[in-house]
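Read off the chains here:
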Amino acid sequence: MWFGSLRRRLHSGDADNENHELSGLTDLNEPLLKSHNFDDKHSEGHRSKEISDEERRRADLQWEFLFSNLIMQWTHSIANIVHGSGTSIVHLFRAHFNIQNGQNQKHVAPALSPLQKERLKKLQKRLQVPFDGSQPEHQDALWQLWSLAYPNRELPSLKSELWKDMGWQGTDPSTDFRGGGFITLENLIFFAKTYPESFQSLLNKKDGNRADWEYPFAVAGINISFMLVQMLNLRSGKPSSLAGIRFLQLLGEDETAFDNLFCVAFQMMDAQWLMKRASYLDFNDVLKSTRKQLKRELELEGVSRVEDLPAFNMLRSSEGSS
């Protein structure tokens, strides 16, 4: 009975109450994290205690979470003031008002430039490609991800217990993709190649006090890709949410904006995970909190590149670069 919360669909509607256009994904009737029996590690009593303590832990951390987001928003606005923006204070209060009142209505997107149209079309084409474990290109991509994750280890066969080390939930990674598609594997490869230190830190759970029952890394990445597609309305022709419209601006500046945003979201999710002292059963709630925080950052004034997002500093810090 403890796994009931895991059977909620990821697109069942969070606190934002957004209208999601999920063409082609209506057959996904459960989250991408499966239910697992971990009786060899966790007794029934341990799980009961974990569930009973849930509300208390969330109450203890609620103020910390709200305060951290407020600091993040103020930091970004102060940076604008330092750079001489005469309207930064107005923008700050406007952004705060928008956040408090939950801007769930659709927005009219400005006309896209030819470059934006081209890049959006290319991205949406990527979204249409399902993962196919029988395709050599897809097999090679899996092995490429393994080599990036474990450069000193031999490649496993396509079906092997070793895949579980990376956070696939079975011996055959292809069974974990489902609604995620090939783009989710591309996102993970991009993360490993572009931000290798951050990738390795999250893969190996190097930072913070970790739960005994951690989220599976690879499948968490699939969930994050899936969440971004929903949040940005990328299957709806042209995004109409404010976050989606802002993303189109990012895409005009950077063809890899979606992949970069995936990396930011993954780092943000892990930070939320640690702050909430979460365990496996909390994953969907952590993902929803991540979505809300990322949406708020995308809606901040002055964000024209992924690097402008306050959360990008977490990636920058992990890579040890300026």
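Just so we're clear, the structure is a prediction, and the values are computed from it rather than from any experiment. (Residues numbered from 1 in each chain as written. Predicted model: local features only at pLDDT ≥ 70, side-chain atom pairs only at ≥ 80, totals over all residues. Heavy atoms only, no water.)

1. Concerning the overall build of the protein
Item 1. If you tally the helices and strands in the protein, you get twelve helices and zero strands.
Item 2. Reading the protein from its N terminus to its C terminus gives the helix and strand order α-α-α-α-α-α-α-α-α-α-α-α.
Item 3. Every one of the 322 residues in the protein was classed for burial, and the buried ones make up 50%.
Item 4. Sequence separation of 24 or more characterises 73% of the internal contacts of the protein that already satisfy a separation of 6 or more.
Item 5. Accessible surface, the protein as shown: approximately 15,400 Å² in total, 52% of it carbon and sulfur. (Helix = DSSP H or I, 4+ residues; strand = E, 2+ residues; numbered from the N terminus. Buried < 20%, exposed > 50% of the residue type's maximum accessible area, 1.4 Å probe, protein only. Contact = heavy atoms within 4.5 Å. Areas by Shrake-Rupley, 256 points an atom, 1.4 Å probe, with all protein chains shown as cover.)

2. Brief notes about the confidence of the model for the protein
Item 1. Mean pLDDT over the protein: 75, with 66% of residues reaching 70 or higher.
Item 2. With pLDDT under 50 throughout, residues 1-31 is counted as low confidence; its partners more than four residues away or in other chains account for 74 contacts.
Item 3. Contacts from residues 35-52, a stretch scored under 50 in pLDDT, to residues over four places away or in other chains number 24 contacts. (pLDDT = per-residue confidence, 0-100.)

3. Thoughts on the packing of aromatic side chains
Item 1. Overall, the coordinates contain 17 aromatic pairs when judged by the stated rule.
Item 2. Considering the side-chain rings of F131 and F177, the 4.1 Å spacing of their centres and the 10° angle between planes classify their relative orientation as stacked. Residue F131 is found in the loop between α4 (114-127) and α5 (136-149), and its partner F177 is found in the loop between α5 and α6 (182-194); the two are separated by 46 residues along the sequence. We note that F131, like F177, is buried.
Item 3. An angle of 15° between the planes, with centres 5.2 Å apart, marks the rings of W213 and Y280 as stacked. Residue W213 is located in the loop between α7 (196-203) and α8 (217-231), and its partner Y280 is located in the loop between α10 (257-275) and α11 (283-298); the two are separated by 67 residues in the primary sequence.
Item 4. Grouping aromatic residues by their ring pairs yields a cluster made of F191, Y195, F199, F217, F262, F266 and F312.
Item 5. Seen from the ring of Y150, R153 lies directly overhead, with NZ or CZ sitting 4.6 Å from the centre. (Phe/Tyr/Trp six-rings, centres within 6.5 Å; stacked < 30°, edge-to-face > 60°. Lys NZ or Arg CZ within 6 Å of the ring centre and 35° of its normal.)

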